[in-house]
Amino acid sequence: MNIREIMRPNKRNAWLAFAALALLLLVLPFATDALLGRGWVRIVDFALLYIMLALGLNIVVGYAGLLDLGYVAFFAVGAYTYALLSSPQFGLHLPFWIVLPIGALLACVFGALLGAPTLKLRGDYLAIVTLGFGEIIRIFLNNLNAPINITNGPQGISQIDAIRIAEFSFGRSHELFGLTLPSVHLYYYLFLALTLLVVFVSLRLQDSRIGRAWMAIREDEVAAAAMGINTRNIKLLAFAMGATFGGVAGGLFAGFQGFVSPESFSLMESIMILCMVVLGGMGNIGGVVLGGVLLVVLPEALRNGAGPAQQALFGNTLIDPESLRMLLFGVALIVVMLWRPAGLWPSSQRQRELEAQDGAAQQEQDTVYDASK
Amino acid sequence: MNLLEVRNLKVSYGGIQALKGVDIDVAQGELVALIGSNGAGKTTALKALAGLLPSSGKVHYAERSLHHCATHQRVRDGLVLVPEGRGVFARMSVEENLQMGAYCRDDKAAIAQELAQLYTLFPRLAERRAQLAGTLSGGKQQMVAMGRAMMSRPKLLMLDEPSMGLAPLMVDKIFETIRAIAAQGISILLVEQNARLALEIASRGYVLENGLITLSDSAAKLLGSDAVQRAYLGV
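Observations regarding the sheet that holds strand 6 (residues 79–82) of chain B
All names here are of chain B. The strand order across the open sheet formed by six strands is 6-7-8-3-9-10, and the pairing between neighbours is mixed. Across the chains shown, the open sheet's two edge strands, defined by having one partner strand only, are strand 6 and strand 10 (212–218). Taken pair by pair, the neighbouring strands of this sheet meet at an average axis angle of 15 degrees, ignoring direction. Where strand 3 (residues 31–35) and strand 9 (residues 204–209) come together, four bridges link them in parallel fashion.

See the structure below:
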């Protein structure tokens, strides 16, 4: 019996693991609050937002193989839609359940707008154009305060309404089932629900006809077209679908933060989201979730831990924790790409492919064997 | 009327004209070879017929014009290309590759049945159905590519250099398969550099040189012609 057979979970174990995971997710904000403090619950909330973003980008990059370096633009579109329609900026206070879909729809339209001119581009060229697109959106947001003030420019939009469903506001703490749930806990459950929805949609897409078409395009676009796949529409759909997820995450971000400014949507953010996808395991939902959690939680842990640790070790702070953060981040990226090129938790297919490379000699033998048969 | 009628097909890459007005006919059930040296425009011709390249001229297929007809519509009508270099989906299994061939169809029962039939045509693929296509040997990748094309129920199969980069014995196997496909009544337009093999199984042939058809005749006559023997058969 090999290790895989021992590891293979039987049905009961699978249920137990599922129940344990559900319980963990349910008590996570309380446990975090008690052990690490309220600030960390906020970080967990952010992790969920980034998981949604990373899963959206995973559709474009992981499934369809289209390198998009301007993905944060859709996050910005969703966030600014929410901010403009639900703040004192225009005196509009539309409800959450109207604003969020509008933001998602607008992001979707922007996704298609970005997709249309880039249909014939691949690889490096696509990356450069998408990068430019991301910057255009950010610069627009930065400058749309004159002649008519729309976005309030670099100062951003503040006092955005908290997310509110009917009379239930997520901005205040509530008493539920005899428990006091502070605002961050409420947001946690809202984000968790939406993240699970995004995971579910991603899973369904993966095994769908559309998902297969995306993967075929990723593998070989000419052959995909020769299979009768309408490559133009299917690629546009990938951009639009990915952008929609980004728009939803953006709307939630605006409501959660209560403040948006162009600064939050820099190129670095796009790269961070891409790193989550690549580091975690491109094309694998579990891997992308893992990447999102790690890249949000680890830098925060470093931010909070690096200073005190240096104090304790050397008596003073030698390296600014902020610079150390980027340094270690860079090192971690290089290490992962060297030792786990398919990501920390690769999709089973990527895994098989890498295993198969060891079997290249076997393949050579096969050729001889085929020929002689 | 022929299944495929091409008149004055022209394709340009930028300022360079790769096809300068090509006429090709393929009758129902016929196996036609298109031979020529490197860079003569063979692949360009097939890509243009598949709708993957913009072209001018008249293309009639199944009694209608293919003008403004997108690639995916042509596939639906049974005009199917097996691209040069096989183009298997490397990170999908053999079976997933074959299923992709049926992308345009939704008759699940028939697809399953045809998949089973296909495995009898390619028994070597049946043993490997769960293996990633990118890890197969070249010959088996070619079989996957051809099997995948068969899954889209072609009326006219366009094969682009199926023998490219394969061991001689494997080439024989691939050509046997092509013959078997032709025996099912499927029309085939075969592009090859290996002129002798192509002309041996074809009924008619065209010789393409620098974007123009310079010779067209029955395959037997082409095989016997001095010009072809000197230029392509190395006699």
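From this point, the narrative continues.
Overview of the packing of helix 3 (residues 94–101) of chain B against helix 6 (residues 138–150) of chain B
The relative placement of two packed helices is expressed as an angle between their axes plus a distance between the axes. Residue and element names in this part refer to chain B. Across the interface, helix 3 lies against helix 6 with an axial gap of 6 Å and an inter-helix angle of 35 degrees. Judged by the sense of rotation from one axis to the other, the crossing of helix 3 with helix 6 is right-handed. Each of V94, N97, L98, M100 and G101 in helix 3 lies in contact with helix 6, whose residues at this interface are V144, G147, R148, A149 and M150. Of the residues belonging to the contact of helix 3 with helix 6, the class tally is six nonpolar, three polar and one charged.

Some thoughts on the domain arrangement of chain A
Along its sequence, chain A is organised into domain 1 (1–36) and domain 2 (38–280). Domain 1 of chain A puts six residues into the contact, and the matching count from domain 2 of chain A is seven residues.

Some points on helix 6 of chain B
Between the first and last C-alpha of helix 6 of chain B there are 18 Å, a value that for 13 residues agrees with the 18 Å anticipated at 1.5 Å per step. Burial of helix 6 of chain B is extensive: twelve of the 13 residues sit out of reach of the surface.

Notes on the pairing of strand 3 of chain B
Residues and elements named next belong to chain B. Among the five residues in strand 3, five count as buried, and that is most of the element. By the alternation rule, side chains of strand 3 split into L31, A33 and I35 and V32 and L34, which are all buried. Summarising the sheet, strand 3 and strand 8 (residues 187–192) pair through five bridges and their orientation is parallel. When the sheet's bridge partners are listed, I35 is paired in strand 8 with E192.

What counts, and at which threshold
Residues numbered from 1 in each chain as written. Chains lettered and ligands numbered in written order. Predicted model: local features only at pLDDT ≥ 70, side-chain atom pairs only at ≥ 80, totals over all residues. Pairing = 2+ DSSP bridges. Helix = DSSP H or I, 4+ residues; strand = E, 2+ residues; numbered from the N terminus. Axes fitted to C-alpha atoms, helices over the stretch in contact; angles between N-to-C directions. Left-handed = near helix turned anticlockwise from the far one by under 90°. Contact = placed C-beta atoms within 7 Å. Nonpolar A, V, L, I, M, F, W, Y, C, P; charged D, E, K, R; others polar. Domains from an automatic or database assignment. Expected span 1.5 Å × (residues − 1). Buried ≥ 20, exposed ≤ 12 C-beta atoms within 10 Å, placed from the backbone.

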